[in-house]
Amino acid sequence: MNKQTSDQISLGTSGLKVSSIGVGTNRWGTKSPGQPWPAAGISGCLEAGINLFDTAEIYNMGGSEKTLGQFLPAAGTSVIVDHQVYTAALAVGKASLKAALSASLQRLQLKSVDLYLIHMPWPPVPIETWMDGLADVLQAGLVRAVGVSNYSVDQTRRAQAALAKRGVALTCNQVEFSLLKRDAERNGLLELCHQLGATLIAYRPVARGFMAGKYSLETLPTGLRGMSISHQDFIKMQPLIQLLGQLGEKHGGKTPAQVAINWVMSKGALPIPGATQVKHIQEMRGLWVGV
């Protein structure tokens, strides 16, 4: 089923081979009309060689996991599930991490996940405590690799050192990274990941869709996405969006979103854009082959 049209890369030093672009499933599993598409979406991903799916237990209160659980177990071992734990922090300790993972595995209908991340540093619990929890579930065979998300440079160093004491490698740090959010490049986090042999996974690589060129002042999104940007900031980004369109036209008619994602990939990061329509999958496939 998987035609492997995309390039594959190593995920840190874990031995896992993943497509050089993944799919974020934050909005999967909603009960709103027009959302029965994931079956076609998952099939489209696999057809395009995209085998990395990012989910978390808080995405639609488990709805994302349940949606993936309907389709992925039958897809085979080539599918890589990147999963983030969130609720363990509510119990303030690593003992709750295994319980949270067990509940997620039930929703995913899997016996283990490939990559398991701590969603955020979650103070006041020390980073070292969370890393011990990750090492525990790894050595129990419930996950194949572990990493972190939204960790700073110093926090990443601490996480790597704590895992190393348990003989475990830090596979990745997942952070927001795009043309509009370049902190990881400027503060040294991207370079640190390269030095540690860890992959920087980039969420929101199209900046919540603003780099796709689909919005105007008259059609700005509503809700939290709309609240994330002011009219003034939106006007300021127009020259960049226009440039993305121009570059895309010069390179085989690529879309602004494709150019923005390609920029993230050129930095040595692994983008995981969200997808809620089959056309989004087609855009991702268009990064490797003509569509």
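Details of the structure are given in the entry above.
Calculation notes
Residues numbered from 1 in each chain as written. Predicted model: local features only at pLDDT ≥ 70, side-chain atom pairs only at ≥ 80, totals over all residues. Heavy atoms only, no water. Helix = DSSP H or I, 4+ residues; strand = E, 2+ residues; numbered from the N terminus. Buried < 20%, exposed > 50% of the residue type's maximum accessible area, 1.4 Å probe, protein only. Contact = heavy atoms within 4.5 Å. Axes fitted to C-alpha atoms, helices over the stretch in contact; angles between N-to-C directions. Parallel < 35°, antiparallel > 145°, perpendicular 65-115°, else oblique. Nonpolar A, V, L, I, M, F, W, Y, C, P; charged D, E, K, R; others polar.

**Overview of the overall build of the chain**
Alright, step 1. Looking only at helices and strands, the chain has 12 helices and 10 strands in total.
Alright, step 2. Here the chain, with 291 residues, has 49% of them falling under the buried criterion.
Alright, step 3. For the chain, the share of sequence-separated contacts (at least 6 apart) that also reach a separation of at least 24 residues comes to 75%.

**Points about the packing of helix H2 (residues 63-71) against helix H3 (residues 95-108)**
Geometry of a packed helix pair, given as the angle between the helix axes and the separation of the axes.
Alright, step 1. Interhelical geometry of H2 versus H3 gives an angle of 45 degrees and a closest axis separation of 7 Å. The angle between H2 and H3 falls in the class oblique. Where H2 approaches H3, its residues Glu-65, Lys-66, Leu-68 and Gly-69 are matched on the opposing element by Ser-104, Arg-107 and Leu-108.
Alright, step 2. When grouped by side-chain class, the residues that make up the contact of H2 with H3 number two nonpolar, two polar and three charged.

**Quick word on the environment of Leu-142**
Alright, step 1. Note that Leu-142 resides in the loop between helix H4 (127-139) and strand E7 (143-149).
Alright, step 2. When the C-alpha atoms of Leu-142 and Leu-115 are compared, they prove to be 9.8 Å apart, with 27 residues separating the residues in sequence.
Alright, step 3. Residues contacting Leu-142, with those up to four places away along its chain left out, are Lys-98, Leu-101, Leu-105, Lys-111, Ser-112, Val-113 and Val-137.

**Description of the environment of Ala-275**
Alright, step 1. Residue position: Ala-275 is located in the loop between strand E10 (270-271) and helix H12 (278-285).
Alright, step 2. Spatially, the C-alpha atom of Ala-275 lies 8.0 Å from that of Arg-27, the residues being 248 residues apart in sequence.

What is shown is where atoms sit, not what they do.
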